[in-house]
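# Commentary on secondary and tertiary structure
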Amino acid sequence: MTFTTGHELDGAVPGGPLADKWDNHKFSMKLVNPANRRKYSVIVVGTGLAGASAAATLGELGYNVLAFTILDSPRRSHSIAAQGGINAAKNYKNDGDSVHRLFYDTIKGGDFRAREANVHRLAEVSVDIIDQCVAQGVPFAREYSGYLDNRSFGGAQVSRTFYARGQTGQQLLLGAYQALMRQVARKQVQIFARREMLDLVLVDGRARGIVCRNLVTGELERHAADAVLLCTGGYGNVFYLSTNAGNSNVTASWRCARRGAYFANPCFTQIHPTCIPVTGDYQAKLTLMSESLRNDGRVWVPRQAGDTRDPRQIPEAERDYYLERRYPSFGNLVPRDVASRAAKAVCDEGRGVGTTRLAVYLDFADAIARLGRAVISERYGNLFDMYRHITSEDPYEVPMRIFPAVHYTMGGLWVDYNLMSNVPGLFVLGEANFSDHGANRLGASALMQGLADGYFVAPATVASYLASTKLGGVSTDHDAFKEAAATTQNRIDRVLGVKGRRTVTEFHRELGKLMWDRVGMARTEAGLVHALGRARELREQFWQEVTVGGEPSNLNKDLEKALRVADYLEFAEVLTLDALHRSESCGGHFREESQMPDGEARRDDERFAYVAAWEYTGPGQDPILHKEPLVFENVHLATRSYA
Amino acid sequence: MTNGTRGITLKLKIWRQARRDAPGRLVDYTLHDLSPDMSFLEMLDVLNEQLVREGQDPVAFDYDCREGICGSCGVMVNGMAHGPEAAVTTCQLYLRNFDDGMTLVVEPWRSAAFPVLKDLVVDRSALDRIIAASGYVSVDTGSAPEANLVAVPKAKADEAMDYAACIGCGACIAACKNASAVLFTGAKVAHLLVLPQGQPERERRVAAMVARMEQEGFGACSNEGDCQAVCPKEIPVDVIQMLAREYARAVLKGAT
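Residues numbered from 1 in each chain as written. Chains lettered and ligands numbered in written order. Predicted model: local features only at pLDDT ≥ 70, side-chain atom pairs only at ≥ 80, totals over all residues.

## A closer look at the overall build of chain A
- A tally of helices and strands in chain A yields 17 helices and 22 strands.
- Over its C-alpha atoms chain A spans a radius of gyration of 24 Å, differing by no more than 12% from the 26 Å that the globule rule assigns to 643 residues.
- Expressed as lengths along the three principal axes of its C-alpha atoms, the size of chain A is roughly 75 × 60 × 50 Å.
- Counting the 643 residues in chain A, one finds 60% classified as buried. (Helix = DSSP H or I, 4+ residues; strand = E, 2+ residues; numbered from the N terminus. Rg over C-alpha atoms; globule rule 2.2 N^0.38 Å. Buried ≥ 20, exposed ≤ 12 C-beta atoms within 10 Å, placed from the backbone.)

## Examining the overall build of chain B
- Secondary structure assignment for chain B yields eight helices and seven strands.
- For chain B, the spread of C-alpha atoms along the principal axes amounts to about 60 × 40 × 35 Å.
- In chain B, which comprises 256 residues, the share counted as buried stands at 54%.
- Contacts spanning at least 24 positions in sequence make up 70% of the contacts within chain B whose residues lie at least 6 apart. (Contact = placed C-beta atoms within 7 Å.)

## Details of the sheet that holds strand 3 (residues 76-77) of chain B
Residues and elements named next belong to chain B.
- Read from one edge of the open sheet, five strands run 2-1-5-3-4, paired in mixed fashion. Edge strands, defined here as strands with exactly one partner in the open sheet, are strand 2 (24-34) and strand 4 (80-81).
- Across nine bridges, strand 1 (residues 8-17) lies against strand 2 in antiparallel orientation. Paired with Gln17 across the two strands is Gly24, which belongs to strand 2. (Pairing = 2+ DSSP bridges.)

## Some remarks on the sheet that holds strand 15 (residues 360-363) of chain A
Residue and element names in this part refer to chain A.
- With antiparallel pairing, five strands are arranged side by side in an open sheet as 12-16-15-13-14. Of all strands in the sheet, those bounded by a partner on one side alone are strand 12 (269-275) and strand 14 (319-320).
- Pairing analysis gives two bridges linking strand 13 (residues 298-302) to strand 14, with the strands arranged antiparallel. Paired with Pro302 across the strands is Arg319, a residue of strand 14.

## Points about the interface of chain A and chain B
- Facing the 65 residues of chain A at the interface are 66 residues of chain B.
- Mapped by element, the contributors of at least two residues to the side of chain A that touches chain B are helix 3 (49-61), helix 5 (116-136), helix 6 (168-185), helix 11 (373-391) and helix 16 (557-581) of chain A.
- With nine residues, helix 6 of chain A is the single largest residue contributor to the side of chain A that touches chain B.
- In terms of residue class, the side of chain A that touches chain B is built from 26 nonpolar, 26 polar and 13 charged. (Nonpolar A, V, L, I, M, F, W, Y, C, P; charged D, E, K, R; others polar.)

## What about the domain arrangement of chain B?
All names here are of chain B.
- Splitting chain B by domain gives domain 1 (8-117) and domain 2 (125-252).
- When each unit is reduced to the centre of its C-alpha atoms, the spacing between domain 1 and domain 2 is 29 Å.
- Contacts between the two partners involve 18 residues from domain 1 and, on the opposite side, 16 residues from domain 2.
- For the side of domain 1 that touches domain 2, a count of residues per class yields 11 nonpolar, six polar and one charged. (Domains from an automatic or database assignment.)

## Remarks on the nonpolar core
Residues and elements named next belong to chain A.
- Judged by nonpolar contacts, the single largest core of 301 residues is most densely connected at Leu229, Leu230 and Leu413.
- Per-element accounting of this core gives the leading share, 14 residues, to helix 16.
- Every residue in contact with Leu413, bar those within four places of it in the chain, is listed here: Leu230, Ser253, Cys256, Ala261, Tyr262, Phe263, Ala264, Ser421, Val428, Ala432, Asn433 and Phe434. (Core = buried A, V, L, I, M, F, W, Y, C linked by C-beta atoms within 7 Å.)

## Description of helix 11 of chain A
Residue and element names in this part refer to chain A.
- The terminal C-alpha atoms of helix 11 lie 20 Å apart, and with 19 residues this falls more than 12% below the ideal 27 Å at 1.5 Å per residue.
- Burial in helix 11 covers these residues: Ile376, Arg379, Tyr380, Leu383, Phe384, Met386, Tyr387 and His389.
- Close packing links the buried residues of helix 11 with helix 10 (365-371) and strand 16 (400-409).
- Phi turns positive one or two residues past the end of helix 11, at Ser392, with a value near 55 degrees. (Expected span 1.5 Å × (residues − 1).)

## Things to note about the pairing of strand 10 (residues 227-230) of chain A
Residue and element names in this part refer to chain A.
- Neither face of strand 10 is left uncovered, since the one carrying Ala227 and Leu229 and the one carrying Val228 and Leu230 both have all their residues buried.
- With four bridges connecting them, strand 2 (residues 41-45) and strand 10 associate as parallel partners. Residue pairing in the sheet places Ile43 in a bridge with Val228 of strand 10.
- Relative to strand 18 (residues 426-428), strand 10 runs parallel, the two being bridged by three bridges. Paired with Val228 across the two strands is Leu426, which belongs to strand 18.

## Digging into helix 13 (residues 479-497) of chain A
All names here are of chain A.
- With 19 residues, helix 13 extends 26 Å from end C-alpha to end C-alpha; this agrees with the ideal 27 Å at 1.5 Å per step.
- Of the positions making up helix 13, those classed as buried are Phe481, Ala484, Thr488 and Val495. Angular distribution of buried residues about the axis of helix 13 spans 70 degrees; they occupy a single face of the element. Turned more than 90 degrees from where helix 13 packs its buried face, Asp479, Asn490, Asp493, Arg494 and Gly497 sit exposed.
- In this fold, the buried residues of helix 13 make contact with strand 7 (195-203), strand 8 (206-214), strand 9 (220-224), strand 20 (546-547) and helix 16.
- Positioned one or two residues after helix 13, Lys499 has a phi angle of 50 degrees, which is positive. (Arc of directions from axis to C-beta.)

## Looking at the pairing of strand 9 of chain A
All names here are of chain A.
- Pairing geometry for strand 8 and strand 9, over five bridges, is antiparallel. If you follow Ile210 over to strand 9, its bridge partner there is His223.
- The antiparallel hairpin formed by strand 8 and strand 9 contains five residues in its connecting segment, where Gly218 sits at a positive phi of about 80 degrees.

## Topic: unusual backbone geometry
All names here are of chain A.
- Of note, Ala12 is a non-glycine position whose phi angle comes to about 55 degrees, a positive value.
- With respect to the helices, strands and loops of the structure, Ala12 is situated in the loop between strand 1 (4-8) and helix 1 (21-28).
- Unlike most non-glycine residues, Asn265 shows phi in positive territory, near 45 degrees.
- Along the chain, Asn265 turns up in the loop between strand 11 (263-264) and strand 12.
- Looking at Asn265, the number of C-beta atoms within 10 Å reads 29, which means it is buried.

## A closer look at the packing of helix 14 (residues 504-519) of chain A against helix 15 (residues 525-545) of chain A
Residues and elements named next belong to chain A.
- In the contact formed by helix 14 and helix 15, the axes pass within 9 Å of each other and the chain directions differ by 170 degrees. In this view, helix 14 runs roughly antiparallel relative to helix 15, as classed from their interaxial angle. Here Phe507, Glu510, Leu511, Leu514, Met515, Arg518 and Val519 of helix 14 lie close against helix 15, whose contacting residues are Gly527, Leu528, His530, Ala531, Arg534, Ala535, Leu538 and Phe542. (Axes fitted to C-alpha atoms, helices over the stretch in contact; angles between N-to-C directions. Parallel < 35°, antiparallel > 145°, perpendicular 65-115°, else oblique.)

Structure representation (structure tokens):
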């Protein structure tokens, strides 16, 4: 598989000085009169932080909102699992933070592969998010003064992370969910639970609706609106094992890509350094241990390869605190991609620990000695409990064993400054878009982006789209809806009709292993070429050999999975091709051919300072690569150093 | 098992029900050589893969995060909501809690307000409707004051967090002989009650949520405490007393 090159993309970034762009743009955008808003309807797919906050806010403003979730309640979306915190440039700690510093840290953390104007807007809006959440009753951690507490996260030298124990995502999502349910009570929002979006409907080139499957009855439903907001999260489960929830998937995004939306930077995937290691083949997911643990935990392995002693018996002098050694100024708080690669490197040297030798220690002994067990318990108690439940080891006594795992995907559907994809009327928010984190996301910035997009950015830009576009009424009997429903039905019939001998999970597991081995933490040209060939074979085998249990017209999780895995198999090729074409290393994308003598990533700004946006042209056919050049007017393109 | 040691055998009696209005029954399955490090839901995954290979209908059960925070999963294991281990959800239950050869009866949540949709999957949308009744602070986006304008004593913020930790799984209701939802409703009322942000709407909130709870068919509380015992987040029964007091206060103040 190769590709052809298309046209140059324009991100529609407003003019003027960086710090004034968003304010000026808000003034120049068109508004919808309050009395006219009820004439518009908006579909929001996904009810995590981005979707719930967008649906609630659009409802408050007076639009009719149809909100869809694959789960039984919007409160369960996977944002709920985010542990550590949310960044905001409040500078409550008086340690030198500012909007500009958060902007700079995010651009640098993303290894100079994000759009400046988007990132600056994110940093500006961050402070409003905290105000909003506190007013909703989000129980953020506080100091004895009664004022808000902060902690540090990777890639920053200031304390700007707000948190609610180790359950920040849960509390922020419940805040957004409650705001959403308030709009349900006001009849501004209608919730469609247990629905999965299976196609996007375009009428006259604009996004005007969706086809979804009612996951209880199996019925295909058609819904029409004036705009569609996709807030369906990331695609980490293409690797089979990841920290993502079981139902997180790429289908909604991929179905949009098949209808012409460009998929940007799919190879920018984040491997999180601190997850609980794999124990057996039956394992369905990996559990993250929050990055916040690196505030107090120290990462180490034995100096000698093959040292199998109990970690408590290994004397200080025979331990290698490799992050503190290699990166003295950031120490254990280097960004995730750097920490993950460093863990892989020591395991490759044979210095990994535990039965599989694929783990490193995260040790709290020093912190407990310094601060006392009570303080550590207050900061991380629920995380320690979670670790103990899974491993039956007590991290207060024995160091945690951790290893990197797929966690977050920076890539996603391409959007312009207004968060609109190249398909007019299709907006993409949160993790589902590509826009703010470049090639690597900093910790505690996903929650910030989801809520920035949903509470503050999309409500303004969607209004401007509605106000400035001539949109006639559209019925779900329109031919475009019929065609999309028929296509979806054919696909369901086809996958059920294969009646082969291999389960959906077998295919998913095999694809995931291929992706982890060849398109994971370290990528080579030969490995990627192999993965491309093998992914294609797997896709062909899937359609000849898969077997799917259950009936189509009933609650059927095996069928749900089959349709998702079919999409992963197509998407995996584009992800791999993107990784192959980008022969530089940057952020979470590490090409072994492109490294410094000391093993750090070597970026190639001459050739790759652009967003790669892929237009899909059909299974097995060459996609088209469109490029959006990245222009840096406010930061100096520098080699990222945390030493 | 991959590491050479022999795993355990478990006999499962699982509730199978084809759809909402269909009759259901317990069906026997036996699984061998299970690793004690396997989670309960991973065991169901293994069973389902086997059933699909045999051309049978896999067992439907809800799950998502598999780390105890989304509240999707939840079944009765030998009559105990989320199984025998304290303070965990079903996805955090590991087979090391069970002995070789044991029989496990696996059933869905039981409550008139939670109709079975298929096998172990129930409809818990009644809980969303209780929140929609008034389980929020009515603050529109953009109208919030500076976050540090109001100091909240640390002890109050911590207490609010204890109550806000509820994951809405429904175990408290499944475990209650009256199928009462007072622990769930009490947790939300208590969370917002101890914070200054929750004060302006406190009477209206509790009155509307209690009314909705009754309308959904949840029973009354008879102080058994089973709800607290099974709660994976260890929400204390104190919230039920807070709910009762707060409701009485609201009634006295004329809120309906």
